[in-house]
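# Notes for the structure review
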2 protein chains.
Amino acid sequence: MIEIFAKKLTSEGFAPFGDVIDFNREADFAINNGKCDRYHGLAITEIIGEDANTGVSLGYGRHYEIPLKLEMVERHPLGSQAFIPLEEKPFLVIVAEDEDGTPKQPVAFLSEGGQGVNYHRNVWHGVLTPLDTPSKFLIVDRIGEGNNLEEHFFDNPYLIKI
Amino acid sequence: MIEIFAKKLTSEGFAPFGDVIDFNREADFAINNGKCDRYHGLAITEIIGEDANTGVSLGYGRHYEIPLKLEMVERHPLGSQAFIPLEEKPFLVIVAEDEDGTPKQPVAFLSEGGQGVNYHRNVWHGVLTPLDTPSKFLIVDRIGEGNNLEEHFFDNPYLIKI
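Here is a short report on the structure shown in this document.

Reading the values: the criteria
Residues numbered from 1 in each chain as written. Chains lettered and ligands numbered in written order. Predicted model: local features only at pLDDT ≥ 70, side-chain atom pairs only at ≥ 80, totals over all residues. Heavy atoms only, no water. Contact = heavy atoms within 4.5 Å. Buried area = accessible area lost by both parts, 1.4 Å probe. Salt bridge = Lys/Arg side-chain N within 4 Å of Asp/Glu carboxyl O. Helix = DSSP H or I, 4+ residues; strand = E, 2+ residues; numbered from the N terminus. Buried < 20%, exposed > 50% of the residue type's maximum accessible area, 1.4 Å probe, protein only. Polar contact = N/O pair within 3.5 Å; in protein donor to acceptor, adjacent residues only side chain to side chain. Least-squares fit on C-alpha atoms with pLDDT ≥ 70 in both. Pairing = 2+ DSSP bridges. Axes fitted to C-alpha atoms, helices over the stretch in contact; angles between N-to-C directions.

Taken together, the contact between chain B and chain A spans 41 residues of the former and 41 residues of the latter. Together chain B and chain A conceal approximately 3,700 Å² of surface at their shared face, both sides included; 58% is due to carbon and sulfur atoms. Of all residues in chain B, K35(B), V56(B) and L58(B) give up the largest surface area on contact with chain A, accounting jointly for 19% of the area buried on that side. Along the contact surface separating chain B from chain A lie six salt bridges.

Looking now at the side chain of T129(B). All names here are of chain B. Residue placement: T129 occurs in strand β15 (residues 129-130). On the accessibility criterion, T129 (2% relative accessible area) is buried. Separated by 2.6 Å, the side chain of T129 and the backbone oxygen of V127 make a polar contact. Ignoring sequence-local partners within four residues, the contact set of T129 consists of Y64, L68, F91 and L92.

Now for the relation of the copies chain B and chain A. Under the fitted operation, chain B is carried onto chain A by 0.0 Å of movement along the axis and a turn of 180°, and the coordinates agree to an RMSD of 0.0 Å. A rotation of that kind, with that shift, is consistent with a two-fold axis. Scanning chain B for the C-alpha nearest the rotation axis identifies L86(B), at a separation of 2.6 Å. Most of the interface of chain B is mirrored in chain A: 100% of its interface residues are interface residues there too.

Moving on: the sheet that holds strand β13 (residues 116-119) of chain A. The antiparallel open sheet is built from seven strands, whose spatial order is β3(A)-β13(A)-β8(A)-β16(A)-β6(A)-β5(B)-β4(B). The sheet is open, and its two edges are formed by β3 (18-21) of chain A together with β4 (29-31) of chain B, each paired on a single side. Each adjacent strand pair in this sheet contributes to an overall mean axis angle of 30°, direction not counted. As judged from the six bridges shared by strand β6 (residues 52-61) of chain A and strand β5 (residues 36-44) of chain B, these two strands associate in the antiparallel manner. Bridging across to β5(B), Y60(A) finds its partner in D37(B).

Laid out in structure tokens, this is it:
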């Protein structure tokens, strides 16, 4: 199996695939008479289709063992999708560039506790992958009709290491 | 000063003003081959106007003293606004019904650690009000042009107690 080592999650490294949602930056401005620093618009959702909106959901994800055997990735043609951890724990973020409708060799990132991500619309990505313990996440994605899921199963799985 | 005592935050009690985002309910369905329980669409954002989208932002809010002297509330005519705590700490949620463009006597709720809220579009509400310590929040609201803020200052402030 081809082995892939997870890299540190940074806004710059993740930019081709989406946005990193974290406090590792300067606040943009203060609100509420100076009592709250706002880190503004770290992700902008993209939602396609009539009768569809951005929704806020919660997820309780069970953890995975490392090394992780990666057999599939998925993408959402009709909307972006953000996962923000509600506990300060790292999780694995796996993405892949597309080539003619097929994912290329995946790239893996390991988040720091507290970092969230927003996958841009139609970006191949792995499923929610907490490590060590089950974890709570906030999910910001498309709620609406239409087929918004495409899956790809690899002929040869990859082995993801951290 | 009129004293207002905060009530326990529940979906039912908060329904006239918005949505409660919490795990105190049944999961709607499982995703990721059963590895993740999804609490689906706890809030649906409402965003009005061309060139506007739902954005994901972060906030670092300084805490307030209790009892709280409430001198103003605000509302956003062009969009809903959600605040979800990134730490399991309670915060104060203050809202008011509208009457001919003016807020009526406010209603206060005290969240449990981990509960977030989504203020529906154009609902009068107090500013982000953590208690005891500064707190990190995720914010899901409108990013775009246009005047999306209306403030109301009370002639006679209220005193909010918990």
